[in-house]
Amino acid sequence: MKTVMFASVAVLSAFASQCRASVRPDDFLQSGRMTLGVNYWASHAATEMWRKWDAKAVEEDLRVLSDNGIKLLRVFPNWADLQPIHACFLSGDNFDKVYETRMFDGEEPLPDTPCGRAGVDERMVEHFEEFCDIAERFGIRLIVPLLTGQMTFRNYIPPALANRNPFSDPYALMWEGRYLECMVSRLKAKKAIAAWESGNEARILGRGENAFQSEAWLRYVHQAIRLADPSRPVIGVNSTMAADVPRESAWPCEMNAALSDYTATHPYGFWGAVYNDDFNGVRSLTFAAAETLAVEQIGGKPAFVEEHGSRRQEQTRQKGVADYMRAMLWNLWAVDAKAMLWWCAYDQTGMTIAPYNWRQPCVELGLFRRDRSAYPAVESMRKFAAMQGNLPFAALPKAKSDAVVVSTDGDVMHSSYILARQAGIMPAFASPERKLPDCDCYFLPDAQGRAHLTIERWEELKAKVREGATLYISWNDTFLDSMEDVAGVEVAFREKRPGADVCDFGTFKVEVPYSVKRRFNALTAETLAKNKSGEGVFFRNRYGSGTVYLSVHNFEKSLYAGSGGYEGDAWKIWATVRPVSRIVETGDKNVFVSEHHFADGRVGAILVNNSRTPFDGAVSVREGWSVAGSTTDDAALARWCDGNRLTLSGNAGILLVLEGK
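Residues numbered from 1 in each chain as written. Predicted model: local features only at pLDDT ≥ 70, side-chain atom pairs only at ≥ 80, totals over all residues. Heavy atoms only, no water.

## Observations regarding the overall build of the protein chain
- The helix and strand inventory of the protein chain stands at 18 helices and 32 strands.
- Taken against the 2.2 N^0.38 rule, which gives 26 Å for 661 residues, the C-alpha radius of gyration of the protein chain at 26 Å falls within 12% of a compact globule.
- C-alpha atoms of the protein chain, sized along the principal axes, occupy 80 × 60 × 45 Å.
- Across the 661 residues that make up the protein chain, the buried fraction comes to 61%.
- Of the contacts made within the protein chain by residues no fewer than 6 positions apart, 74% connect residues no fewer than 24 positions apart.
- Counting every atom, the protein chain has about 25,200 Å² of accessible surface; 48% of that belongs to carbon and sulfur. (Helix = DSSP H or I, 4+ residues; strand = E, 2+ residues; numbered from the N terminus. Rg over C-alpha atoms; globule rule 2.2 N^0.38 Å. Buried < 20%, exposed > 50% of the residue type's maximum accessible area, 1.4 Å probe, protein only. Contact = heavy atoms within 4.5 Å. Areas by Shrake-Rupley, 256 points an atom, 1.4 Å probe, with all protein chains shown as cover.)

## Focus: the side chain of D61
- Mapped onto the fold, D61 is located in helix 3 (residues 55-67).
- Beyond its immediate chain neighbours, meaning those up to four positions away, D61 contacts Y40, A42, S43, Y346 and R372.

## Some remarks on the environment of G562
- Relative to the assigned elements, G562 resides in the loop between helix 17 (555-561) and helix 18 (571-577).
- In sequence terms G562 and N609 are 47 residues apart; their C-alpha atoms lie 22 Å from each other.
- Apart from the residues within four sequence positions on either side, G562 is in contact with N276 and R283.

## Observations concerning the nonpolar core
- Within the largest apolar cluster, 195 residues are counted, with the highest numbers of intra-cluster contacts made by Y40, F131, L142, W333, M340 and L444.
- Considering every element that reaches this core, the biggest residue donor is helix 12 (residues 318-334), with eleven residues.
- Among residues more than four places away in sequence, those in contact with F131 are Y40, M49, W50, W53, V58, L62, L73, V75 and L142.
- Membership of the second largest hydrophobic core comes to 19 residues, among which are I583, V593, V627 and W640. (Core = buried A, V, L, I, M, F, W, Y, C linked by side-chain atoms within 4.5 Å.)

## A short note on the sheet that holds strand 32 (residues 653-660)
- On the basis of which strands lie adjacent, the open sheet formed by four strands has the order 25-26-32-29 and antiparallel pairing. At either margin of the open sheet sits one strand with a lone partner, and together these are strand 25 (591-597) and strand 29 (625-631). Each strand of the sheet is rotated relative to its neighbour by a mean of 25°, with strand direction disregarded. (Pairing = 2+ DSSP bridges. Axes fitted to C-alpha atoms, helices over the stretch in contact; angles between N-to-C directions.)

## Points about the pattern of salt bridges
- Taken as a whole and judged by the stated rule, the model has 49 salt bridges.
- Between R63 and D67 there is a salt bridge, with its nearest N and O atoms 2.6 Å apart. Highlighted residues: R63 and D67, both in helix 3, separated by four residues, approximately one helical turn.
- Classification of R63 as partly exposed rests on a relative accessible area of 34%. (Salt bridge = Lys/Arg side-chain N within 4 Å of Asp/Glu carboxyl O.)

## Description of the side chain of N165
- As for its placement among the helices and strands, N165 is situated in the loop between strand 7 (154-155) and helix 7 (170-187).
- Here R207 takes part through its backbone oxygen, which lies 2.9 Å from a polar atom of the side chain of N165.
- Apart from residues no more than four positions distant in its own chain, N165 is found in contact with A172, G206, R207, E209 and Q213. (Polar contact = N/O pair within 3.5 Å; in protein donor to acceptor, adjacent residues only side chain to side chain.)

## Thoughts on the packing of helix 3 against helix 6 (residues 122-137)
- In contact at an axis separation of 10 Å, helix 3 and helix 6 are set at 30° when each is read in the N-to-C sense. Seen along the crossing, helix 3 lies across helix 6 with a hand that is right-handed. Of the residues in helix 6, those in contact with A55, V58, E59 and L62 of helix 3 are E130, F131, I134, A135 and R137.
- Of the residues contributing to the contact of helix 3 with helix 6, the split by class is six nonpolar, no polar and three charged. (Left-handed = near helix turned anticlockwise from the far one by under 90°. Nonpolar A, V, L, I, M, F, W, Y, C, P; charged D, E, K, R; others polar.)

## Section: helix 13 (residues 376-389)
- The terminal C-alpha atoms of helix 13, which comprises 14 residues, lie 21 Å apart, in line with the 20 Å expected from a rise of 1.5 Å per residue.
- Taken together, the buried positions of helix 13 are A377, V378, S380, M381, F384, A385, M387 and Q388.
- Where helix 13 is buried, its residues contact strand 1 (35-40), helix 12, strand 12 (339-342) and strand 29. (Expected span 1.5 Å × (residues − 1).)

## What to know about the layout of surface pockets
- Empty space within the largest pocket amounts to approximately 780 Å³.
- The wall of the largest pocket is formed by 37 residues, among which E201, H266, Y268, F270 and W271 lie closest to the centre.
- Sorting the residues of the lining of the largest pocket by element identifies strand 6 (150-151), strand 9 (234-239), helix 10 (282-299) and helix 14 (410-422) as the ones contributing at least two each.
- Of the residues belonging to the lining of the largest pocket, the class tally is 17 nonpolar, 14 polar and six charged.
- Taken as a whole, the second largest pocket encloses approximately 290 Å³ of empty space.
- Lining the second largest pocket we find 17 residues, and of these Q422, A423, G424, E585 and G587 sit closest to its centre.
- Elements with a contribution of two residues or more to the lining of the second largest pocket: helix 14, helix 18, strand 24 (584-585) and strand 25.
- Looking at the lining of the second largest pocket element by element, the count peaks at three residues for strand 25. (1 Å grid on protein atoms, 1.4 Å probe; cavity = no way out; pocket = protein on both sides within 12 Å on 5 of 7 lines; lining within 4 Å. Points joined across faces, edges and corners; volume = space filled by probe spheres on them.)

## Digging into unusual backbone geometry
- Cis geometry marks the peptide bond from W343 to C344, where omega comes out at -5°.
- Structurally, C344 is set in the loop between strand 12 and helix 13.
- Note the cis peptide between A354 and P355, where omega equals 10°.
- Turning to its location among the elements, P355 is positioned in the loop between strand 12 and helix 13.
- Positive phi is not limited to glycine here, since F153 has a value of about 75°.
- The residue F153 is located in the loop between strand 6 and strand 7 in this model.
- Of note, the phi angle at D336 is positive, near 60°, even though the residue is not glycine.
- Residue placement: D336 occurs in the loop between helix 12 and strand 12.

## A word on helix 10
- Between its terminal C-alpha atoms helix 10 stretches 25 Å, which fits the 26 Å expected from 18 residues at 1.5 Å a residue.
- Among the 18 residues of helix 10, 17 are classified as buried, and the element is accordingly described as predominantly covered.
- Looking one or two residues beyond helix 10, the residue adopting positive phi is G300, at roughly 85°.

## Regarding the sheet that holds strand 30 (residues 638-641)
- Pairing is antiparallel across the open sheet formed by three strands, whose spatial order is 27-31-30. The sheet terminates laterally at strand 27 (615-618) and strand 30, the two strands that pair on one side only. Each neighbouring strand pair of the sheet contributes to a mean axis angle of 5°, computed without reference to strand direction.
- With four bridges connecting them, strand 27 and strand 31 (residues 645-648) associate as antiparallel partners. Bridge assignment links F615 to a residue of strand 31, and that residue is L648.

As structure tokens, then:
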């Protein structure tokens, strides 16, 4: 079905600027502090909680969550339960025409009330209102994804809208609009509600045809929400690390951010290569941070982790999840992720309702068992929440970026983040289709073809290098123009033949797998590394007042596809391109250090051990600086003592406060 444009989009568009103007980002989530929460379905009934409403069970659920420091919930009005409409069709030649819409399985006429005219079940709304009141008593704030159709591999679409595309079908869009207006108007008086959202993972409510359709739908939904309640922020659909070039994606990251007050990530590692390495190692522990940082910087709106979880039986024991939780939270705080909500609050074991008895879902994803007893990860979350509530300052400043990574490939971006942080670099991410942020160093990892760069961006990038910036390129059949001048090399040989090179840099060696064998001739470039055959594999060239480094191998991508690639010295290649000196240095590539500069001259340094192996040793503190204090979530796991000695258990973190002498 073709994308349908309808008058209500244009009408609502007139209110967009006015509605958004009253929302301030820090009214919801504060920059520099991490709010911790969970996604919530009732422990006794999961997705059937509204039709099987039990206020006492829900109250006990929320009491347990509150007692453990959880003050933010994402709670889901089941769309099929809240708007139980049925379509009544004519017969004969008009068999496909809806003649009337009624409610419930008994096909009752729509009541002549605000809820009835929207096809909304008044009883279900009353249950949701009672839920809001319970949450308010516990000081818990709520994110409400309104059109919650998709949930755990199942679509909960109202019967009247079954088999209609919710993004483009006029009948579906009409009822979506009525539902949104009714729900938001009715619920906006509830103080516990902190933010609205279109739905849960709305990208997959139906089949998205293209970015034009997605933008039209998201504008319609968000502006319908804002028209009914301009006082609260609206969260965009979940975004991914990839830049999502508009011409190639149905849900471009930048479009989503432009229409939203916040963007959200759902960084589940089990869908890709994230868990190729140890679950409690650097690849897994940094995925949520890397994706959230990229989404915020590419989209330009505050980002947070809206859903995150683990199929623990697949990856590690219960203690391993607790250790993972601790380091993952420290890594998120270092990149100013505003919040992290775990999926989910309670296990959904022992339920025969669909979809929990289907083969797809994992039912043990909770922080708590169905009987509300806690898993060990709860303690990690509780301690981190307590630390955030008692920080000796209002907020941690954002870390300054040392280099800009330009890419559209999520795997390459995560790989780049790992290598950069191991090298001491705090990276920023940028879209290859937008004006590049000012920086003195740019990375083009896995520069396939034209690296998605437009002519304008490539000319802009070359100009920045001519003016003194550094540029790094890792080759992948790259055909950016003027490469002989820019990089000072030419391709002498190419053959699609897999193999591996040991790249010798003199002071270190890196083994790099490849799928295409290439040889390059140096023209004006200097050869910095060779393979065993004496062929150049890493070059440096002067271009104007700047410097260009070129790697023959796109190792950022090849390392990510395998396992164990981040245990060696590949990070030293990035450190060669962008050497960084920190005020505090440990000498351990997996103890990440980020610096956060306060206005009064002090510096906060977050140190996170992204390894199971404990760190215990002397730390280098730059001359003229001293450690004035430290803060951690667990003093038994992280300690600073004797002026320069640091102890960090595996997957532990600490904040040092530094002062200049």
